[in-house]
There are 2 protein chains.
Amino acid sequence: MSVLDMSKSIRRVAIVGGTHGNEWTGIYLVEKFQKSPKAIQRSSFETVTLLANPAAIAINQRYVDRDLNRCFDPQDLNNATLTGYENTQAKAIAAALGQNDASKVDFIIDLHSSTANMGLTLLPASQHPFNLQLMAHLCAQNPDVRVCCGIQSHQSSPMLRSIAPFGCTVEVGAIAQGVLDAYRFQQTEQIIHTILDYLDAVNNNNVQATSSSLMIYQSIESIDYPRTKTGALDGMIHPQRQGKDYEPLEPGDPLFLTFSGETIVYQGRSIVFPIFINEAAYYEKGIAMTLTEQQQIKIAEIV
Amino acid sequence: MSVLDMSKSIRRVAIVGGTHGNEWTGIYLVEKFQKSPKAIQRSSFETVTLLANPAAIAINQRYVDRDLNRCFDPQDLNNATLTGYENTQAKAIAAALGQNDASKVDFIIDLHSSTANMGLTLLPASQHPFNLQLMAHLCAQNPDVRVCCGIQSHQSSPMLRSIAPFGCTVEVGAIAQGVLDAYRFQQTEQIIHTILDYLDAVNNNNVQATSSSLMIYQSIESIDYPRTKTGALDGMIHPQRQGKDYEPLEPGDPLFLTFSGETIVYQGRSIVFPIFINEAAYYEKGIAMTLTEQQQIKIAEIV
């Protein structure tokens, strides 16, 4: 059985780093691949690399004007009034990798890191069975892999990964911004090779096993830190929750510690699994963590 | 026995945060103290607070033009040609806290955090016996405390802490830039109170015990990452060394992993104790880590 209609075989893959300019894992991996392109070549498709936000990389900041990884909503890509650096960059990237017949890619691997203890997390670009089969394969290869699915549909996603039909974000952590962590660097490099090998096997109709289901963490909602009436930060992740991404959060468990020493507990009704806990870039977005549910989802057959 | 000539009693103490604008522990602690000043009041001295680099805090960056904590060398403070934001700020802080009779402080606590796994490190402003007695007291109160001494003499130090006769930097980690870690926040708050209580006891001639010696980590040298011929980064902290601040480094131990996969080992002749391993702000300073030696030093009697 093929996991992909061969008329839609993978012809071009993009490995993207530096979508956020202070997440060094992807930046230095892409630079490594650019110096040694043979490592990412496979016989059945072309692999291209991209440093997505060079101006942000140059100043070691997440972005210049606006988060590039929130600029790929089709409405924004078609909005001529959006002319800031990242909006312009997003349009150029979407045109090159998503729209131009000569250069468009079928699969994007977008490399990120987080100050949250995300371990080795994959965020598929969509829940298309092809993406989910790949996720199941990667989970089988490496039990440390966790798969997280967002609420957004593929069509309206503002993420860079959404401009290709297939792909995923790789999110590793905890890593501070502007540093390299060799263990996570190697882990990211390894999973890129596993993905490339899988895509090559798909093209060669040589995928040995397929899965009928997959365990994912489905995002439910994001919650903010305690704030004062004027919106200033009024507390922190509770010390018993700090670094505990993917660990079950039960009703009544400590969630935040206010600056005055008060513990705020989780008041939901069911067990959830928080992720992106204390991500530095999300303070300004009003996100202290994202709550997820574990779900065993069926993978539809590919017809 | 008094640990301080009472003619030199502590009259004014400054608690400083935000010397680096992206090290939030000190910033939010100072803001907390500014809202609740009673917490840091003691009967025998005045406590003042300062956010040292408000422009850097506003943009959540270490600095605007230049590292403020390298601007306090007396030569620079007296150099009228240095007119950048941090040089100007340093002169204003030195004038207020170090030179103006009405406002100058006897003791500075400068609050920092590091992306390196520094635990709870104290860097005394000088090896004056008074500072060392305090360090010994803090080590006795909390076995997690480590004391690190630099190479620079007090007189030529460019650090903010050097503008007062006594004091120390508190350096906690690992904390990513631009986040709060509640455990380290509480730990820093606790040691501030222990310091204030000790200074109050000194003023009241009520210090119960003194120490004749102290175990310190003495800085020997800082070493840089592997670099290419053009100076670009060519490797990372070795995964076996990442996060292992204060753990002994023996000749032959792995130190770096180059991007091409080569392990670089430590080629020194004696056991050293690296600190500030993978501090984000030190990549630009050419510092991958600072090597220290453990030393048991004698504390001279105060006459």
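The structure we're discussing is the one just above.
If you're wondering where the values come from, they're calculated on a predicted model, not measured in any experiment.

So, how was this worked out
Residues numbered from 1 in each chain as written. Chains lettered and ligands numbered in written order. Predicted model: local features only at pLDDT ≥ 70, side-chain atom pairs only at ≥ 80, totals over all residues. Heavy atoms only, no water. Helix = DSSP H or I, 4+ residues; strand = E, 2+ residues; numbered from the N terminus. Rg over C-alpha atoms; globule rule 2.2 N^0.38 Å. Contact = heavy atoms within 4.5 Å. Areas by Shrake-Rupley, 256 points an atom, 1.4 Å probe, with all protein chains shown as cover. Lys, Arg positive; Asp, Glu negative; His and termini not counted. Charge placed at Lys NZ, Arg CZ, Asp CG, Glu CD. Polar contact = N/O pair within 3.5 Å; in protein donor to acceptor, adjacent residues only side chain to side chain. Pairing = 2+ DSSP bridges. Axes fitted to C-alpha atoms, helices over the stretch in contact; angles between N-to-C directions. Parallel < 35°, antiparallel > 145°, perpendicular 65-115°, else oblique. Left-handed = near helix turned anticlockwise from the far one by under 90°. Nonpolar A, V, L, I, M, F, W, Y, C, P; charged D, E, K, R; others polar. Least-squares fit on C-alpha atoms with pLDDT ≥ 70 in both. Buried area = accessible area lost by both parts, 1.4 Å probe. Salt bridge = Lys/Arg side-chain N within 4 Å of Asp/Glu carboxyl O. Buried < 20%, exposed > 50% of the residue type's maximum accessible area, 1.4 Å probe, protein only. Right-handed = clockwise from strand over helix to strand, strands pointing away.

Enquirer: Looking at this model, I keep getting lost on the overall build of chain A. Mind explaining?
Expert: From N to C terminus, chain A includes six helices and twelve strands. Its C-alpha radius of gyration of 19 Å places chain A within 12% of the 19 Å reference for a compact globule of 303 residues. On the principal axes, the C-alpha backbone points of chain A span a range of 60 × 45 × 35 Å. Across chain A, every contact between residues at least 6 apart in sequence was considered, and the portion connecting residues at least 24 apart equals 72%. Summed over its atoms, the accessible surface of chain A is roughly 12500 Å², and 48% of this surface lies on carbon and sulfur atoms. If you average the places of the 22 positive and of the 30 negative side-chain charges in chain A, the two averages end up 3 Å apart.

Enquirer: Looking at this structure, I do not really get unusual backbone geometry. What am I missing?
Expert: Working note: non-glycine residues mostly have negative phi, and peptide bonds are mostly trans. All names here are of chain A. With omega at 5°, the peptide bond leading from Gly-173 into Ala-174 counts as cis. With respect to the helices and strands, Ala-174 occurs in the loop between β6 (166-173) and α6 (182-203). One non-glycine residue, Asn-205, lies in the positive phi region at around 55°. With respect to the element layout, Asn-205 can be found in the loop between α6 and β7 (213-223).

Enquirer: Can you help me understand the side chain of Arg-62 of chain B in this one?
Expert: Note on placement: Arg-62 of chain B falls in the loop between α2 (54-58) and α3 (74-77). Among the polar contacts listed, one links the side chain of Arg-62 of chain B to the side chain of Asp-67 of chain B, at a separation of 3.0 Å.

Enquirer: In this structure, what is going on with the sheet that holds β6 of chain A? I would like to understand it.
Expert: Residues and elements named next belong to chain A. Strands sit in the order β2-β1-β3-β6-β4-β5-β7-β12-β11 across an open sheet of nine strands; the sheet is mixed. One side of each edge strand has no neighbouring strand; the edge strands of this open sheet are β2 (46-51) and β11 (273-275). On average, each strand axis in the sheet is tilted by 30° relative to the strand beside it, whichever way the strands run. Where helix α1 (residues 24-35) meets the sheet, its contacts fall on β1 (12-17), β2, β3 (107-114) and β6, and the angle it forms with β2 comes to roughly 130°.

Enquirer: Can you help me understand the packing of α1 of chain A against α6 of chain A in this one?
Expert: When two helices pack together, their arrangement is captured by the angle between the axes and the distance separating the axes. All names here are of chain A. Where α1 contacts α6, the two axes come as close as 10 Å, and the packing angle between them is 55°. The orientation of α1 with respect to α6, classified from their angle, is oblique. By crossing handedness, the relation of α1 to α6 is classed as right-handed. On the side of α1, the interface is formed by Thr-25, Tyr-28, Leu-29, Lys-32 and Phe-33, while α6 contributes Arg-184, Phe-185, Thr-188, Glu-189, Ile-192 and His-193. When grouped by side-chain class, the residues that make up the contact of α1 with α6 number five nonpolar, three polar and three charged.

Enquirer: What is the right way to look at the relation of the copies chain A and chain B in this model?
Expert: For these two chain copies, the linking operation is a rotation about an axis paired with a shift along it. When chain A is brought onto chain B, the operation consists of a screw motion whose angular component is 180° and whose axial shift is 0.0 Å, with 0.0 Å RMSD remaining. Seen this way, the second copy is the image of the first under a two-fold rotation axis. Residue Ala-176 of chain A, judged by its C-alpha, is the member of chain A lying nearest the rotation axis, at 2.3 Å. Same-surface contact between copies: 100% of interface residues of chain A are shared with the interface of chain B.

Enquirer: So what exactly am I meant to see when it comes to the interface of chain A and chain B here?
Expert: Contact with chain A, which involves 25 residues of that partner, is made by 25 residues of chain B. Taking both partners together, chain A and chain B bury about 2200 Å²; carbon and sulfur atoms supply 67% of that area. Together, Leu-180, Met-236 and Phe-259 of chain A form the three largest contributors to the area buried by chain A at its contact with chain B, with a combined 24%. Summed over the shared surface of chain A and chain B, the number is zero salt bridges. Put simply, chain A and chain B have seven residue pairs in polar contact (both at pLDDT 80 or more) between them. Of all the elements in the fold, those that place two or more residues in the side of chain A that touches chain B are α1, α6 and β8 (235-237) of chain A.

Enquirer: Sorry if this is basic, but what is going on with the side chain of Asn-53 of chain B here?
Expert: Residues and elements named next belong to chain B. Along the chain, the position of Asn-53 falls in the loop between β2 (46-51) and α2. Judged by relative accessible area, which is 0%, Asn-53 ranks as buried. Within the structure, Asn-53 has its side chain in polar contact with the side chain of Glu-86 (distance 2.9 Å). Once residues lying within four places of it in the same chain are set aside, the contact partners of Asn-53 are Gly-18, Thr-19, Arg-62, Tyr-63, Leu-68, Tyr-85 and Glu-86.

Enquirer: So what exactly am I meant to see when it comes to the pairing of β2 of chain B here?
Expert: Regular strands place side chains that alternate from one sheet face to the opposite one. Residue and element names in this part refer to chain B. Summarising the sheet, strand β1 (residues 12-17) and β2 pair through six bridges and their orientation is parallel. In the strand pairing of β2, Val-13 is matched with Thr-47. In the classification by handedness, the crossover that spans β1, the intervening helix α1 (residues 24-35) and the parallel β2 is right-handed.

Enquirer: Can you help me understand the environment of Gln-127 of chain B in this one?
Expert: Among the secondary structure elements, Gln-127 of chain B is positioned in the loop between β4 (119-124) and α5 (129-141). Apart from the residues within four sequence positions on either side, Gln-127 of chain B is in contact with Leu-132, Cys-149, Ile-216, Gln-218 and Ile-297 of chain B.

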